[in-house]
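Observations on chain architecture
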Amino acid sequence: MSVKENFDLAKKQYEQWGVNVEEALEKLKNIPISIHCWQGDDIAGFEVNQRELSGGIDVTGNYPGKATNPEELRSDLEKALSLIPGRHRANLHAIYAETNGLAVERDELEPKHFENWVQWAKENGLGLDFNPTLFSHEKAADGLTLAHPDQEIRDFWIQHCIASRKIAEYFGKELGTPALTNIWIPDGYKDIPSDRLTPRKRLKDSLDKIYAVETDERYNLDAVESKVFGIGSESYVVGSHEFYLGYALKNNKLCLMDTGHYHPTETVSNKISSMLLFSDKLALHVSRPVRWDSDHVVILDDELKEIAVEIVRNDALDKVIIGLDFFDASINRVAAWTIGTRNMIKALLNALLLPNDKLKQLQEEGNFTERLALMEEFKTYPFGAIWDYYCEQMDVPVRESWLSEVKVYEEEVLSKR
């Protein structure tokens, strides 16, 4: 049978439970995913004085074809976007500035250093998001930045974050959609600290100074991102979940949750509903931890599906900003983007196709038998037929046929780098 015939049969099964499939697809078209540029070049960036990765960040693998300049990276992103249904966003780090061969320190970055990215985003109908880069730098060599005991070092990173927010504001003005500026720092200690409070006081003070410089919320949204531990900060992280959650709520900032930044028994999906009660918006970096924050390519696993369900069933599609954050150099990087982003969209579609109102009603009635039965039965409903139709309608490859395009791109472009 054709894709359309399979879709029509599947649609009837969902409609028996009151699921409006066409409405679900229309909603899906309008959910942007912020796709991280750093998968394409292993977080190398384009600084004139390139530094080794540090701050607890590591990329393993040496698959050929890594992007080595802005043009290659944008070309690779374009290829991935051509294989992904929907209209999305690109997420940049400060190290992706283009300075025309001049060494520009991070605290001196300006919007002009990202003009090419903005022009590219306009040509491709994309929004842009931004992150100050507080790692892979000599002033972060001891694992401390905004919480550093040295005021001079703190001031450098404060100015970098202020500059980054101004760049993001420029993105929002130029592109007509607000940019999310997310601050993550590697600060912490390898061994048990003798003082947990003082570094957190310094971090709070640094953030206060950063946010004392106003930006227009129509163009820039501020977020802070926590972490439970990292390489070199195994015993203590200054910017813990509790710290940033409290700071965000008190200062009207977005709390960004990375799915790899919690204890193995914690799930971000379980946190979303609680945080939505107290925050107008929140942000996500969706990754896949394997035993730790390993940033594996996102797969369609139970937690990814549950994250999407929590967003959809709580009517929070306009309240949760979804971004991705993984980096794998052991496989084709364009394929990594394609796999991960398509899976995030699949998870959202799966959630949109559930009879969420009916399932809520069953729980309220205490009918846990039928609730469990339906939740399990819907796991094998013909979701794939709806997904195939959506891809066809959005003019991107259906099923695994996208892989042949990546192979051609690898042969014709990536293999020649």
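Remember, it's a predicted structure, so these values are computed and weren't measured experimentally.

Some points on the overall build of the protein
- Along the backbone of the protein there are 14 helices and ten strands.
- In terms of overall size, the protein behaves like a compact globule, its C-alpha atoms giving a radius of gyration of 22 Å where 417 residues would be expected to give roughly 22 Å.
- Principal-axis analysis of the C-alpha atoms places the extent of the protein at approximately 65 × 55 × 40 Å.
- When the 417 residues of the protein are sorted by exposure, 54% land in the buried category.
- At a minimum sequence separation of 6, the contacts of the protein that also span at least 24 residues come to 80%.
- When the accessible area of the protein is evaluated, it comes to approximately 18700 Å², of which 48% is carbon and sulfur surface.
- Between the centroid of the 48 positive side chains of the protein and the centroid of its 70 negative side chains there is a distance of 2 Å.

Let's talk about the environment of Pro193
- On the secondary structure map, Pro193 appears in the loop between strand S5 (188-189) and helix H6 (197-212).
- For Pro193, a relative accessible area of 12% gives the class buried.
- Along the backbone, Pro193 and Tyr236 are 43 residues apart, and their C-alpha atoms lie at a distance of 6.9 Å.

Quick look at the UniProt feature "binding site: Mn(2+)" (unreviewed entry) in the protein
- Here, UniProt's "binding site: Mn(2+)" (unreviewed entry) annotation points to His261, Asp293 and Asp295. Considering the C-alpha atoms alone, the annotated residues occupy 35 residues of sequence yet fold into one spot, their largest mutual distance being 9.9 Å.
- With residues up to four places along the chain from it excluded, the contact list for Asp293 reads Lys227, Asp258, Gly260 and His261.
- A distance of 3.1 Å separates the side chain of Asp293 from the side chain of Lys227, its partner in a polar contact.
- For Asp295, the location among the structural elements is in the loop between strand S9 (282-286) and helix H9 (302-313).
- The class of Asp295 is buried, set by a relative accessible area of 7%.
- Look past the residues within four positions of Asp295 in its chain and what remains in contact with it is Ser287, Arg288, Asp325, Phe326 and Phe327.
- One polar contact links Asp295 to Ser287, side chain to side chain, over a distance of 3.2 Å.

Thoughts on the pairing of strand S6 (residues 220-225)
- By the criterion of burial, S6 is predominantly enclosed, with six of the six residues buried.
- Here S6 shows two buried faces, one formed by Asn220, Asp222 and Val224 and the other by Leu221, Ala223 and Glu225.
- By the bridge criterion, five bridges tie strand S4 (residues 179-183) to S6 in an arrangement that is parallel. Bridge pairing in S6 links Leu180 to Leu221.
- Note that S6 and strand S8 (residues 254-258) share three bridges and pair parallel. The residue of S8 that forms the bridge with Ala223 is Leu254.

Comments concerning the nonpolar core
- Ranked by internal contacts, the top residues of the largest apolar core, which has 124 residues, are Trp117, Leu146, Phe171, Leu207 and Leu284.
- If you look at the next biggest cluster of nonpolar residues, it comprises six residues, including Leu221, Ala223, Leu254 and Ala283.

Some details on helix H3 (residues 70-81)
- Here H3 contains twelve residues, and its C-alpha end-to-end distance of 16 Å stays within 8% of the 16 Å for a straight helix at 1.5 Å per residue.
- Along H3, nine of the twelve residues are buried, which leaves the element largely enclosed by surrounding structure.
- What H3 keeps buried is the set Pro70, Glu72, Leu73, Arg74, Asp76, Leu77, Lys79, Ala80 and Leu81.
- For H3, the elements touching its buried residues are strand S1 (33-36), helix H4 (115-124), helix H10 (333-352) and helix H14 (402-412).
- A distance of 3.1 Å separates the backbone nitrogen of Glu71 from a side-chain oxygen at the start of H3, and that oxygen is part of Asn69.

Re the pattern of salt bridges
- If you walk through the whole model with that rule in mind, you get 26 salt bridges.
- Measuring nitrogen to oxygen at the nearest pair gives 2.9 Å for the salt bridge that ties Asp42 to Arg333. With Asp42 in the loop between S1 and H3 and Arg333 in helix H10, the pair connects residues that are 291 residues apart, well separated along the chain.
- Asp216 serves as the salt-bridge partner of Arg218, at 2.6 Å between the closest nitrogen and oxygen.
- Under the relative-accessibility criterion, Asp216 is labelled partly exposed at 24%.
- Taken together, the shared-partner salt bridges connect Lys11, Glu15 and Glu22 into one network.

Here we look at the packing of helix H1 (residues 3-15) against helix H13 (residues 383-393)
- Between H1 and H13, the shortest axis-to-axis distance is 8 Å and the interhelical angle comes to 130°. Between H1 and H13, the interaxial angle falls into the category oblique. In the packing of H1 onto H13, the handedness of the crossing is left-handed. Counted together, Val3, Lys4, Asn6, Phe7, Ala10, Lys11 and Tyr14 of H1 and Phe383, Ala385, Ile386, Asp388, Tyr389 and Glu392 of H13 form the full contact between these two elements.
- Among the residues forming the contact of H1 with H13, the class breakdown is eight nonpolar, one polar and four charged.

Each value, and the rule that gives it
Residues numbered from 1 in each chain as written. Predicted model: local features only at pLDDT ≥ 70, side-chain atom pairs only at ≥ 80, totals over all residues. Heavy atoms only, no water. Helix = DSSP H or I, 4+ residues; strand = E, 2+ residues; numbered from the N terminus. Rg over C-alpha atoms; globule rule 2.2 N^0.38 Å. Buried < 20%, exposed > 50% of the residue type's maximum accessible area, 1.4 Å probe, protein only. Contact = heavy atoms within 4.5 Å. Areas by Shrake-Rupley, 256 points an atom, 1.4 Å probe, with all protein chains shown as cover. Lys, Arg positive; Asp, Glu negative; His and termini not counted. Charge placed at Lys NZ, Arg CZ, Asp CG, Glu CD. UniProt positions renumbered as here; feature names shortened; annotations may be inferred. Polar contact = N/O pair within 3.5 Å; in protein donor to acceptor, adjacent residues only side chain to side chain. Pairing = 2+ DSSP bridges. Core = buried A, V, L, I, M, F, W, Y, C linked by side-chain atoms within 4.5 Å. Expected span 1.5 Å × (residues − 1). Salt bridge = Lys/Arg side-chain N within 4 Å of Asp/Glu carboxyl O. Axes fitted to C-alpha atoms, helices over the stretch in contact; angles between N-to-C directions. Parallel < 35°, antiparallel > 145°, perpendicular 65-115°, else oblique. Left-handed = near helix turned anticlockwise from the far one by under 90°. Nonpolar A, V, L, I, M, F, W, Y, C, P; charged D, E, K, R; others polar.

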